[in-house]
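One letter stands for each residue in the lines below.
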Amino acid sequence: MPDANMRASLPRILKTVLTIGVLGFIMLNLQLLRSSKYSRGEMHIIVDRNDAAALHLQEDLADKNNLASDHAINQQLKAPLVWTARENKSNVLITQIKHIVRTGDLQEKSNYSYHIPIMNEADIKQIHSAMLDINLEQRIHNAKKFKLDLTQESIVIIVQTHNRPTHLQYLVDSLRAARHIEKTLLIISHDYYSAKLNAIVDSVDFCPVMQIFYPYAMQIHPTTFPGEHPNDCPRNIGKAKAVLQKCNNAEHPDKYGHYREARYAQTKHHWFWKLHRVFDEMNYTRNFSGLVLLLEEDHYVTPDSIAVLQQMRQLKKQQCPDCNILTLGTYDKKPSYGYLASKVDISGWISSKHNMGMALDREVWEKIRKCSDAFCKYDDYNWDWTLQYIGTTCFPSPQLLKVMLSRSPRVFHIGECGVHHKGKNCDPGDKVKQITALLQSNQQFLFPSGLTVMGKVGTTKRKMKANGGWGDVRDHELCMSFIHDTKQR
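No experiment lies behind these values; they were computed from the predicted model shown. (Residues numbered from 1 in each chain as written. Predicted model: local features only at pLDDT ≥ 70, side-chain atom pairs only at ≥ 80, totals over all residues. Heavy atoms only, no water.)

### A closer look at the state of the cysteines
Here is the idea: a disulfide is a covalent bond, and it sits between the sulfur atoms of two cysteines.
Working step 1: In this structure the tally under the stated criterion is 4 disulfides.
Working step 2: Covalently, C320 is tied to C323 through a disulfide, its sulfur atoms 2.0 Å apart. Around the S-S axis, the bridge from C320 to C323 shows a dihedral of about 85° and counts as right-handed. Across the pair, exposure class does not vary: C320 and C323 are buried alike. (Disulfide = S-S within 2.5 Å. Buried < 20%, exposed > 50% of the residue type's maximum accessible area, 1.4 Å probe, protein only.)

### So, the nonpolar core
Working step 1: In this structure, W271, F272, I368 and L387 are the most contacted members of the largest nonpolar core, which totals 56 residues.
Working step 2: If we skip the residues at most four places from it in the chain, F272 touches W365, I368, S372, F375, C376, C479, F482 and I483.
Working step 3: Of all hydrophobic cores here, the second largest spans 38 residues; its members include L175, M312, L315 and M356. (Core = buried A, V, L, I, M, F, W, Y, C linked by side-chain atoms within 4.5 Å. Contact = heavy atoms within 4.5 Å.)

### Considering the pairing of strand β4 (residues 291–296)
Working step 1: Here β4 lies mainly inside the structure; 5 of its 6 residues are buried.
Working step 2: Direction of pairing for strand β1 (residues 155–161) relative to β4: parallel, over a ladder of 6 bridges. Considered in β4, the bridge of I158 is made with L294.
Working step 3: Inspection of the sheet shows β4 paired to strand β8 (residues 358–360) by 3 bridges, in the antiparallel sense. Paired with V292 across the two strands is L360, which belongs to β8. (Helix = DSSP H or I, 4+ residues; strand = E, 2+ residues; numbered from the N terminus. Pairing = 2+ DSSP bridges.)

Here it is in structure tokens:
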């Protein structure tokens, strides 16, 4: 039998063995964590997936080979692959930003509210910094997974979004089902920083995707221009009273005597800025000469939308080389397919008819860019009405925008309630159900083997009547600064 000393030491031996085993297990897991999360030898900020979606700080949940290849592609953009911990990005700051983007999220309301939650100056600076860092980073997710290689035949999709996550989710779901989506580059252009929106973008695993943030958004300028300054003139105050009160923009009402409303002005600014950003500034797209499809958060695409757009591009080369814009969406109250599914019309571009799901290329952007002063000074808060105006007054001969339009819609509008629409039923889910039923009953007409021109309408100039809302010289100057200022805030 073991003596008394041996019996006394046995528990100590077992405890020592157990301790060594636990330490070994911990060291093994630390080594695995180091190899997967610290592969570049830098200190990365690690947060859970929801926080990563909110802050865009976490690496893709991909294997090391994909990560290394994504890094190689992003190195071509001369941008870092991931955020690294900096002296001014302490864990305390990160925690604060996570709190802000969660508690500061807008509640999605049926009246498309632009109410911005009150935040203190430090919060605003932190969100602004996060926006600018993401813009500077220019990171493309899923680049290696889908072997991103933009050519003249590629399609870039830009989605302009405010803060309607439900609508954006439906759009993303529809894009997921679109054939050839994996060959596109999807760019989400935000004017609101939100955990919900970022989480939706983070869920995109079906194509290369990146985010850009409009850096002059109301969210980060709530009480200063281009947001609403406390001393800005109320919309309907009238110029005489405004001058007496000495409000900021008293001398600059619109043509109807009304003063600017920031929530409406922002959309036009954002539209112009995103095109300039993509065509002129971003490393991966500033030399891209293919089609850029413009969508909004309250759009919904058909499974054959990209395939039909590719067919329209070929048809344009053959039968309408002077068509400036290709449009996939219509506002028909009773859309139909059948024989119309393979038909297109050619006509002059009309803002109220041909602005949904429109695609343009660098040649058209250069014309818009050269007319930037006219675009930025025209007294209309609508980007599409303004585009039609410069197309008839500023573009070189024949001074018209010409459109090729898909007769059967490949892009639908699901935002029954929005800036210009105040419907009774604001649930986009009901609209999506209607669209889904329509597509299911007409699925045999999708993916036509070819397209033919059904009708050609003469392109005559239309007399434009500005809608106002854009008389403030501060809006003119901000808009023009996108083109003329080389320094990006």
